Amino acid sequence: HARRKMLGFVHIDVASTLFNIAFRNQPRNRLDKALKCLEEALKIRQLRLPDSEKVAVTHEKIGNLARGLGKTKKAENAFTQALHIRRIVHGHSHEAVATVLQELGDLGEYEEAMRHYVEALEIRETRLGPDDLAVAETYYSMGFTLQNNGALDRALQCLEESLSIRKFQLGDDAKEVGDTLNM
């Protein structure tokens, strides 16, 4: 409150403080309070820094918190806004775009999820290389979604690809390798 009085209600530093307060509330399991702080920060950032990476990050963080609270529609809207802004800021083939596509895939119904994953995978393989852990993450998510929708052969291919990358990057004893094997 003191910072708001000193700087004004719509100062960009107030937005940063609200953003930081949100993340101090998360480990304490005050997710609703954290979400409110992020939403306030977003309003200020949209006013002061429209269509910026800071606004996109704030949307993405709101999406993650909303998903954690079971507010799927709110999460989807936040991720969609983050995607829109990141495409403006970075273009269509940036890793930041792929990250939000991955988040949208994790929320979506089968066909929509797969569309987002395929786009994220194309970006990640091109920008990061075929052996990057982010590529493995996308293959893993695709495999999980395919398996849950009965496309077992395609699921197995994706999970094997994820496993191969994870073993190469992390070694046979890594937790992520075990997670992939347990699918």
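Just above sits the structure.
For every chain, the first residue of the written sequence is number 1, and numbering continues from 1 onward in sequence order. Confidence filtering applies because this is a predicted model: local features only for residues at pLDDT of at least 70, side-chain atom pairs given and counted only at 80 or more, and all residues used for totals across whole chains, interfaces and linings. Hydrogens and water are ignored here; the side-chain numbers use all heavy atoms of the structure.

Undergrad: Can you explain the overall build of the protein? Please cite residues and give values.
TA: Counting from the N terminus, the helices are the DSSP runs of H or I reaching at least four residues and the strands are the DSSP runs of E reaching at least two. Counting secondary structure elements, the protein contains 10 helices and 0 strands. Seen through its C-alpha atoms, the protein measures out along the principal axes to roughly 60 × 35 × 30 Å. When accessible area is computed with a 1.4 Å probe and restricted to protein chains, residues below 20% of their type maximum are described as buried, those above 50% as exposed, and intermediate ones as partly exposed. Expressed as a percentage of its 183 residues, the buried residues of the protein come to 40%. Sequence-distant contacts, at least 24 apart, represent 51% of the contacts inside the protein between residues at least 6 apart. Per-residue and other accessible areas were derived by the Shrake-Rupley procedure at a 1.4 Å probe size, with only the shown protein chains allowed to occlude residues. When the accessible surface of the protein is totalled, it reaches about 10200 Å², and 50% of it is carbon and sulfur. None of His or the chain ends enter the tally, which takes Lys and Arg as positive and Asp and Glu as negative. In this description, the location of a charge corresponds to atom NZ of lysine, CZ of arginine, CG of aspartate or CD of glutamate. Taking the average location of the 26 positive side-chain charges in the protein and that of its 27 negative ones, the two points are 14 Å from each other. Here, two residues are considered to be in contact whenever any of their heavy atoms come within 4.5 Å of each other.

Undergrad: Before we move on, can you summarise the pattern of salt bridges with the specific residues and values?
TA: Pairs can form between side chains of opposite charge whenever their charged atoms are close. Every case where a carboxyl oxygen of Asp or Glu lies within 4 Å of a side-chain nitrogen of Lys or Arg is listed as a salt bridge. For the coordinates displayed, the defined rule picks out 10 salt bridges. Close ionic contact of Asp-179 with Lys-175 constitutes a salt bridge, the shortest N to O distance being 2.7 Å. Here the residue Asp-179 and the residue Lys-175 both occupy positions in helix α10 (residues 175-181), the gap between them amounting to 4 residues, near one helical turn. Exposure remark for Lys-175: the relative accessible area of 61% places this residue in the exposed category. Connected through shared salt-bridge partners, Glu-53, Glu-60 and Arg-86 make up one network.

Undergrad: Mind laying out the packing of helix α3 (residues 31-48) against helix α4 (residues 53-68), listing which residues take part and the relevant values?
TA: Between α3 and α4, whose axes approach to 9 Å, the crossing angle comes to 160°. Here α4 runs roughly antiparallel to α3, going by the angle between their axes. For α3 against α4, the interelement crossing comes out left-handed. Here Leu-31, Ala-34, Leu-35, Leu-38, Glu-39, Leu-42, Arg-45 and Gln-46 of α3 lie close against α4, whose contacting residues are Lys-54, Val-55, Thr-58, His-59, Lys-61, Ile-62 and Leu-65. As a working rule, the residues Ala, Val, Leu, Ile, Met, Phe, Trp, Tyr, Cys and Pro are called nonpolar, Asp, Glu, Lys and Arg charged, and the rest polar, with Gly in that last group. Classifying every residue of the contact of α3 with α4 gives 8 nonpolar, 3 polar and 4 charged. Fitting a line to C-alpha atoms yields each axis, with helices limited to the stretch in contact; the angle taken between N-to-C directions then spans 0 to 180 degrees. Angles are sorted into four bins: roughly parallel if under 35 degrees, roughly antiparallel if over 145, roughly perpendicular if 65 to 115, and oblique for all others. By convention the crossing between two helices is left-handed if the near helix lies anticlockwise of the far one by an angle smaller than a right angle, and right-handed if it lies clockwise.

Undergrad: Describe in detail unusual backbone geometry, supporting the description with residues and values.
TA: One non-glycine residue with positive phi stands out, namely Asp-51, at about 50°. Relative to the elements of secondary structure, Asp-51 occurs in the loop between α3 and α4. For Asp-51, a relative accessible area of 43% corresponds to the partly exposed category.

Undergrad: Can you tell me about the packing of helix α8 (residues 133-148) against helix α9 (residues 152-170), naming the residues and giving the values?
TA: Close contact between α8 and α9 brings their axes to 8 Å; oriented N to C, the two are set at 155°. Classed by the angle they form, the pair α8 and α9 counts as roughly antiparallel. Between α8 and α9 lies a crossing of left-handed hand. Where α8 abuts α9, its residues Leu-133, Val-135, Ala-136, Glu-137, Tyr-139, Tyr-140, Met-142, Gly-143, Phe-144, Leu-146 and Gln-147 lie against Leu-152, Arg-154, Ala-155, Cys-158, Leu-159, Glu-161, Ser-162, Ile-165, Arg-166, Gln-169 and Leu-170. Each residue belonging to the contact of α8 with α9 can be placed in one class, and the counts come to 14 nonpolar, 4 polar and 4 charged.

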